[in-house]
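Reading the structure
Single-letter residue listing:
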Amino acid sequence: MTIPHTIEAEYDLIFAGGGTAACLTAGRLATAFPALSILVLECGPTTKDKKEHIQPGQYITHLAPTSKTMQFNVGKPSEHVAGRSSIVPSARCVGGGSSVNFMMYNRPAASDFDAWETEFGNVGWSSKDLIPLLQKAETYEIDPKKSTHGSDGPLKVSFGSEISDLAKEFVEIGAKFEKNRPETDEGNALNVESINKFFIMPKWISKDGRRSDVPHAYIYNNPAKKLSVFDGTLVHRVIIEDGVAVGVEYQFDNRVHESAPQDIRVVKARKLVVVAAGAMSSPLILERSGLGAKDVLEKAGVTVVAELPGVGENYQDHTLTIAPYIADDKVKTLNPLWRGEPAAWGQALGEVGERWGGNNGSEVRFTQAPWTIKLTTHTPATSTDSSKCVPYPEELPELGPDFLEIWNSTLANNPDRPLFWMSTAAAMLGDLAALPKLNFMCSAALLGYPASRGRIHISSSDPLAAPDFEAGFLSSPADVAALRWAYKKGREINRRLPSFRGVFFPGHPQFPKGSAALVEETAPAIDLYIRQTVVTAWHSCGTCAMKPLDKGGVVDSKLNVYGVKKLKVVDMSIVPSNVNSNTYSTAITIGEKAAVIIAEELGGSV
Ligand SMILES: Cc1cc2nc3c(=O)[nH]c(=O)nc-3n(C[C@H](O)[C@H](O)[C@H](O)COP(=O)(O)OP(=O)(O)OC[C@H]3O[C@@H](n4cnc5c(N)ncnc54)[C@H](O)[C@@H]3O)c2cc1C
Ligand SMILES: *[C@@H]1O[C@H](CO)[C@@H](O)[C@H](O)[C@H]1NC(C)=O
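Going along each chain's sequence as written, the residues are numbered from 1 onward. Here every chain gets a letter starting at A, and every ligand a number starting at 1, in the order they are written. For a predicted model such as this one, the threshold for reporting local features is a pLDDT of at least 70, and the threshold for listing and counting side-chain atom pairs is 80 or more; totals across whole chains, interfaces and linings nevertheless cover every residue. The basis for every side-chain value is the complete set of non-hydrogen atoms in the structure, without hydrogens or water.

1. Description of the site of ligand 1
For each residue, the test is whether any non-hydrogen atom lies within 4 Å of the molecule or strand; if one does, the residue is near. If you check the shell around ligand 1, you find 36 residues, and the closest are Thr-20, Glu-42, Gly-97, Met-104 and Thr-583. Contact between ligand 1 and Tyr-584: an oxygen atom at 2.9 Å from a main-chain N or O atom of the residue. Protein coverage of the free-state accessible area of ligand 1, which is 1000 Å², stands at 95%. Numbering goes from the N terminus for both helices and strands, where a helix is a DSSP run of H or I of at least four residues and a strand is a run of E of at least two. Considering every element that reaches the shell around ligand 1, the biggest residue donor is strand β9 (residues 233–241), with 3 residues. Side-chain atoms alone can form a polar contact between residues adjacent in sequence; in general such a contact is a pair of N or O atoms within 3.5 Å, and within protein one must be able to donate a hydrogen while the other accepts it. Accessibility throughout is a Shrake-Rupley quantity obtained with a 1.4 Å probe, and a residue counts as covered only by protein chains that appear here.

2. Thoughts on a nonpolar patch on the surface
There is a patch of nonpolar side chains on the surface, built from Phe-72, Val-74 and Ile-87 and spanning about 240 Å² of accessible area. Residue placement: Val-74 occurs in strand β3 (residues 70–74). A residue counts toward a patch only above 30% relative accessible area and without a salt bridge, and it is joined to like-charged neighbours within 9 Å or, for Val, Leu, Ile, Met, Phe, Trp and Tyr, to nonpolar neighbours within 5 Å. The term salt bridge refers to a pairing of a side-chain nitrogen on Lys or Arg with a carboxyl oxygen on Asp or Glu at a separation within 4 Å.

3. Side note on the UniProt feature "domain: Glucose-methanol-choline oxidoreductase N-terminal" (unreviewed entry) in the protein chain
UniProt positions are given in the numbering used here, feature names are shortened, and annotations may be inferred rather than shown by experiment. Residues annotated by UniProt as "domain: Glucose-methanol-choline oxidoreductase N-terminal" (unreviewed entry) correspond here to residues 91–114 and 278–292. Secondary structure over residues 91–114 splits into 38% helix and 4% strand, and the C-alpha atoms at its two ends are 28 Å apart. This span, residues 278–292, is 47% helix and 13% strand, and a straight line between its end C-alpha atoms measures 17 Å.

4. Brief notes about the site of ligand 2
Around ligand 2 lies a shell formed by Leu-404, Glu-405 and Asn-408. Asn-408 has a polar side-chain atom sitting 2.3 Å from an oxygen atom of ligand 2. Expressed as a share of its isolated accessible area of 360 Å², the protein-covered part of ligand 2 is 29%.

5. Looking at the packing of aromatic side chains
Working definition: rings of Phe, Tyr and Trp (its six-membered ring) pair if their centres are within 6.5 Å, and the pair is stacked with planes under 30 degrees apart, edge-to-face with planes over 60 apart, and tilted otherwise. In the structure shown here, the tally under the stated rule is 16 aromatic pairs. Centre to centre, the rings of Tyr-59 and Phe-102 are 4.7 Å apart; their planes meet at 55°, and the pair counts as tilted. Linking Tyr-59 in the loop between α2 (51–54) and β3 with Phe-102 in the loop between α3 (97–100) and α4 (110–118), this pair joins segments that are 43 residues apart in sequence. Type-normalised accessible area, obtained with a 1.4 Å probe on protein chains alone, sets the label of each residue: buried when under 20%, exposed when over 50%, and partly exposed for intermediate values. For Tyr-59, a relative accessible area of 1% translates into the label buried. Phe-102 sits in the buried class, given a relative accessible area of 14%. These aromatic residues form a ring-pair network of at least three members: Tyr-59, Phe-102, Trp-338 and Trp-538. Across the ring face of Trp-485, the terminal group of Lys-489 is positioned such that the distance to the ring centre comes to 4.4 Å. Comment: the charge-over-ring label is applied if NZ (Lys) or CZ (Arg) is within 6 Å of the ring centre and within 35 degrees of the ring normal. Positioned above the aromatic ring of Trp-125 is the side chain of Lys-593, whose terminal nitrogen or guanidinium carbon lies 5.6 Å from the ring centre.

6. A short note on empty space enclosed by the protein
Two kinds of site are reported from a 1 Å grid over the protein atoms alone, namely cavities, where a 1.4 Å probe fits but cannot get out, and pockets, open sets with protein on both sides within 12 Å along at least five of seven lines, and residues are called lining when an atom falls within 4 Å of a point. Grid points are joined across faces, edges and corners, and a volume is the space filled by probe spheres set on the points. Tallied over the full model, the rule gives 5 cavities of 30 Å³ or more. Estimated volume of the largest cavity: approximately 60 Å³. Taken together, Thr-321, Ile-322, Ala-323, Met-422, Ser-443, Ala-445, Ala-486, Tyr-487 and Tyr-529 make up the full set of residues lining the largest cavity. Elements supplying a minimum of two residues to the lining of the largest cavity: β14 (320–327), β17 (440–447) and α15 (477–494). Considering every element that reaches the lining of the largest cavity, the biggest residue donor is β14, with 3 residues. For this classification, the nonpolar set comprises Ala, Val, Leu, Ile, Met, Phe, Trp, Tyr, Cys and Pro, the charged set comprises Asp, Glu, Lys and Arg, and every other residue, Gly included, is treated as polar. A class-by-class count of the residues in the lining of the largest cavity yields 7 nonpolar, 2 polar and no charged.

7. Notes on α4
Among all positions of α4, only Ala-110, Ser-111, Asp-112, Phe-113, Ala-115 and Trp-116 are buried. Taken together, the buried residues of α4 touch α5 (127–137) and α17 (584–601). Contacts are assigned to residue pairs that have any heavy atoms within 4.5 Å of one another.

8. Side note on the state of the cysteines
In this description, the term disulfide denotes a pair of cysteine sulfurs within 2.5 Å. Here the structure, examined in full by the defined rule, presents 0 disulfides. Unpaired in this structure, Cys-23 has its nearest cysteine sulfur neighbour in Cys-93, at a distance of 9.2 Å. The closest cysteine sulfur to the non-disulfide-bonded Cys-544 is located on Cys-541, 11 Å from its own sulfur.

9. Some thoughts on the layout of surface pockets
In this structure, the second largest pocket spans a volume of roughly 1200 Å³. Considering the residues around the second largest pocket, the lining is formed by 38 residues, among which Leu-429, Gly-430, Asp-431, Leu-432 and Val-535 are closest to the centre. Contributing elements (two or more residues each) for the lining of the second largest pocket: β4 (87–91), β14, α10 (335–338) and α16 (519–533). Here the residues of the lining of the second largest pocket sort into 26 nonpolar, 9 polar and 3 charged. Shared between two domains, the lining of the second largest pocket holds at least three residues of each, these being domain 1 (1–61 + 92–156 + 211–316 + 456–472 + 538–606) and domain 2 (161–201 + 319–334 + 379–449 + 474–533). Domains are outlined according to an automatic or database domain assignment.

10. Some remarks on the pattern of salt bridges
The tally for this structure, following the rule as stated, stands at 26 salt bridges. In this structure, the salt-bridge partner of Asp-468 is Lys-76, at a minimum N-O distance of 2.9 Å. Of this pair, Asp-468 sits in strand β19 (residues 468–470) while Lys-76 sits in the loop between β3 and β4, and the two are 392 residues apart along the sequence. Of the charged contacts, one joins Arg-255 and Asp-253 as a salt bridge, the two residues approaching to 2.7 Å between their closest N and O atoms. Classification of Arg-255 by relative accessible area gives partly exposed; the value is 40%. Given the relative accessible area of 3%, Asp-253 is considered buried. What you see here is one network of salt bridges that share partners, running through Lys-76, Glu-313, Arg-455, Asp-468 and Glu-470.

Put into C-alpha cells, the structure is as follows:
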C-alpha cells in the first residue's frame, strides 16, 4: 500500500472536483492570497505535461471506450431517442473538460448571460458583469486589439494552424447559397452581428500549437506554495455539522492509484467547501451529503440535511446531429487518424518523439515546433467552419408549429441568439470501425436551446454506483422540428461543396420508396432518423441551478447552496438557463466570477 498524497488534516478552502472551473478559481485565489491553504481533490489522473493533454491533435483519443480520462454516463433507454440509451461522456482528469475537449472557441450571446440576472434574479451576472471576466481569461492571438476579446489572459486563442479546405468551402458556398447569411470574420462578438453569418471558428489553441487548458495556465505554473491539487482522490460527500460545511469525505481512487489504501478519509475546511465536480457529478455529491429532494435521498438511504428539490433536475445539453457525406479523396480529412491508422498517427506524431526526447516533458518548448503545426493542421479540419443560424420570421413556417415552443420562449425577443450552429467537419464522428473506409465529411448541427430537460440523481450512497440518469433528449417535439430544419440546411449546403462526392445513404433518413421529397412525406422519415441518431454535444449543464429556491434553485447568486453555510457550487451545473455556444467559455467565466466572489468574501480581490 502506498499513500499517493500527503493530505493535511485541515485546509482553508477545499474544492471537491478539480476540473475547468475549479482549477481556474483555485489558481486565481492562490495567486491573490498566498497565505491561504487550498486543496483541490480530483478523482481523475493528473494531466501535467502529458502529450495527450497538450497536443491539440490528440483530443479524440480521450473518447475511446477504454479512455481513463473520461466517464461515460449512461442514460436510461427512452422512446424519444428510438429506445436508445444516450451516453454522455464527462471529463475525468485534472482540468476536466479543458484538458480533453475539442477546443472549439465559441462564445454565448450577451442575452444568455443577461437572462441569468433579469429572469432569475441573479444580481451581478449580467453580460456587463461577465464579459469582462471572459475577456480576462483569454488572449485572442488572432487580433489582440479587438475590443470584444481579451488581450492578456492565460488562455490563448488562434486558428490553430492552417484552415482546412473543407472549412473554406463550407463558409464560401454556405454564404453564397444562403443569400441572407453572409460571411464574416467575427462570429463571436456575443451580439446580433455574429448571427446568421458563416465564419471560420477559432480554437482554444495557442499560435505555437498548444492546447489552452486551465491547469497548465493557472495551476501547474503557479508558484503558490499552499495550493495543493491532488489527482486520484474521489470525494464521497460534504460533511455538514449544524448547517455548516466543515469538510469532505474522500478516498483514493484506485483507478488512478492502483495500490492506494481504500479507506474513507476526512479532511476539514476552515473557511469554505466548493463543490466543483461538473454538471454530471456535483448534484450527486450534494445528494450524498443529504442535500436534495426528499424522495431521492430516502430511496438511496441518505439522511436529509436540507431539502433541495432542484438538485439534479433541469439537466440540459446541446443535442447534436451528425450526417455523413463523402468527400473527394484528395481533400484532407481526419478519418485516417480517427480510424486509428498507425501510419497516420506515425506521420502526425513521428517528429514528436524526437522533440520530446531528453526532457521528460518537464520543460517542453513549443515555439517553432513543426510537429505541433503538423498535428494542429489536422485539428481545425474537424470543424472550424461554422454558421450560427436562426430562422428569419419569414422562414418560421418551414419549421412548423412544434418549433414555436423554442421560438417563443428563447429566440423571438433575443435577436443575438442563434437556434443552432452548424458546420462541416472533415471526418465522421462515430464508430468508424463499423463503416466502410471512405473519405467522410459530416454535417454537424448543435442545438443552442433545447426545450427538453433531463435529470440526474444518485441511486445509492456509494460514489461508484451508476447514477439514475435521464438525458431527456428530444422529449420536446420542438427540438426535433429544429434539428429537422438543420438537417435539410446541412444537406443543401454540403451537396454544393466542390469536394462533395456523394451522400453516405446508410447515415441518412430512409425515405419511403417513390416519395417525391414533399414536406409531408419527408418529415416523418427525417424525424425518425433524428431520434435514432441524436447524440450529446458534451455540454451538460443546469443541474444545480442558480435560481430562487422556490423555482427549483440550488445556489444563490453568490453560489451558496441554500440551507447550508460555507458551501458553494462552482461549475456548469449552476447555469440556470442554457447558453447557445460550446460551454468551455461559460465554464471559464463561471470560474472567474467565483474567484471574484470568494475573494470579496475573504476581504480581498483577485
Ligand atoms: C468530449 C468533450 C468535448 C468538448 N468540446 C468542447 C469544445 O470544443 N468547446 C467548448 O467550448 N466546450 C467543449 N466541451 C465542454 C466544456 O469542456 C465543459 O463544459 C467544461 O469544461 C465543463 O467545466 P466544469 O468545470 O463544469 O466541469 P469539468 O471540467 O467536467 O470538471 C469536473 C471535474 O470534477 C471531477 N469529479 C467528478 N466527480 C468527482 C468526485 N466525486 N470527486 C473528485 N472529483 C470529481 C471530474 O473528474 C472532473 O475533472 C467539451 C466537453 C467534452 C467532455
Ligand atoms: C407562440 O406565440 C404565438 C404568437 O404569440 C402564439 O400564437 C402561439 O400559441 C405560441 N406557441 C407556443 C407553443 O408557445
